[in-house]
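Here's the letter readout for the chains.
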Amino acid sequence: MSIDETAVPVLAIDGPGGAGKGTISRLVAERLGWHLLDSGALYRLTALAAGKYGVALDDEAGLARVARSLDVVFVAEGEGTRVLLEGAEATTTIRTEQVGDAASRVAALPAVREALLQRQRDFRQPPGLVADGRDMGTVVFADAPLKIFLTASADERARRRQLQLREAGVDASLSSLLKEIQARDARDMQRSVAPLKPAGDAITLDTTRLTIPEVVDRLTELLTERGLASAI
Ligand code: C5P
C-alpha cells in the first residue's frame, strides 16, 4: 500500500552555510527518530561527480544528467552520516570549500535543481523528516508544517567553519573563510531559481548567540507546540 507522503511531517530548515543547520538537523532528527535529508550533500556530490567525469561546471545539460544518475548512499553512523559515491568513500571529500564552491555553482542551474527534486522528496518517509537546505521550505517541501530559517552573522559562521575545519585537521584563515562565505551567500541569494530566502511562513532563528542544545530545545518545543511531536 502506498503512503500519502504529504501526511508525513517535515521540519524544513533553511539558511546560509555555517549557520549550524547540519548539526542541528542531525540532532533534532536523532531526538525525534525522524529521517534526515542533507540536500546540500546532493549538490556537493553532483559537483564532485561532475569533476570525476570531466563535465564542465557550466554544462547545464551534462550536469543535470550527472545529478539524475548519481549513485549515492547515505549511511547513518555514530555522530554523522557516511556518504558513498558509486561505492567509494566521499564523506570528507564533499566537505571541502572547493567542492562547496563548485556545489553552489551547479546549484544555480535550473536543470540540476529539477533533476534532484524527486530524489529529495523521496526522503519524506514516516515517522517524519528533518530537511536541511536552502529551498526546503520554499520549493521542495513548500507544504512543510514547520519551517525554520536558521541564520547567524557572517563573522560567527566563518569562526564556526574554522573550528569545524580545525577539528578535521585543516587550517584555514578566518579572513579567507569569511570571503568564501560572503561569496557563497551572494550566489545563493541572487540566483534566479530557488534563491536562498525565508519562506513567507518560516520562523527565523538567529543562532549567533545561541548554543547548539539551546537551538535543538527551541525546535523541539516548536514541534511539540504544533502537535508534530510528542513532548520529548
Ligand atoms: O549546505 P551546503 O553548504 O552543503 O550546500 C552546498 C551548496 O549547495 C550551497 O552553497 C548551495 O548553493 C547549494 N544548495 C542549494 N539548495 C539546497 C542545498 C544546498 O542550492 N537545498
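See above for the structure.
An account of the sheet that holds strand S3 (residues 72-77) is needed here, citing residue identities and associated values.
In spatial order, the strands read S3-S4-S5; together these three strands make up an open sheet with antiparallel pairing. Both edges of this open sheet fall to S3 and strand S5 (88-89), since each of them pairs with a single strand only. Relative to S5, strand S4 (residues 80-85) runs antiparallel, the two being bridged by two bridges. Paired with Leu85 across the two strands is Ala88, which belongs to S5.

Quick one: what's the story with the site of the ligand, residue by residue and with numbers?
Taken together, 16 residues lie near the ligand, and Arg44, Arg113, Arg134, Asp188 and Arg191 sit nearest. A distance of 2.6 Å separates an oxygen atom of the ligand from a polar side-chain atom of Arg44. For the ligand, a nitrogen atom lies 2.9 Å from a polar atom in the side chain of Asp135. Protein chains shield 96% of the accessible area of the ligand, which is 450 Å² for the free molecule. Where the shell around the ligand is concerned, the elements lending two or more residues are helix H2 (39-53), helix H4 (97-106) and helix H8 (174-190).

I'd like a rundown of the environment of Leu129, residues and numbers included.
Looking at the element boundaries, Leu129 is found in strand S6 (residues 129-133). Given the relative accessible area of 0%, Leu129 is considered buried. When the C-alpha atoms of Leu129 and Val72 are compared, they prove to be 19 Å apart, with 57 residues separating the residues in sequence. Leaving out residues up to four positions away in the same chain, Leu129 has contacts with Pro9, Val10, Leu11, Trp34, His35, Leu36, Leu37, Phe123, Arg124 and Phe141.

What counts, and at which threshold
- Residues numbered from 1 in each chain as written.
- Predicted model: local features only at pLDDT ≥ 70, side-chain atom pairs only at ≥ 80, totals over all residues.
- Heavy atoms only, no water.
- Pairing = 2+ DSSP bridges.
- Helix = DSSP H or I, 4+ residues; strand = E, 2+ residues; numbered from the N terminus.
- Near = heavy atom within 4 Å.
- Polar contact = N/O pair within 3.5 Å; in protein donor to acceptor, adjacent residues only side chain to side chain.
- Areas by Shrake-Rupley, 256 points an atom, 1.4 Å probe, with all protein chains shown as cover.
- Buried < 20%, exposed > 50% of the residue type's maximum accessible area, 1.4 Å probe, protein only.
- Contact = heavy atoms within 4.5 Å.

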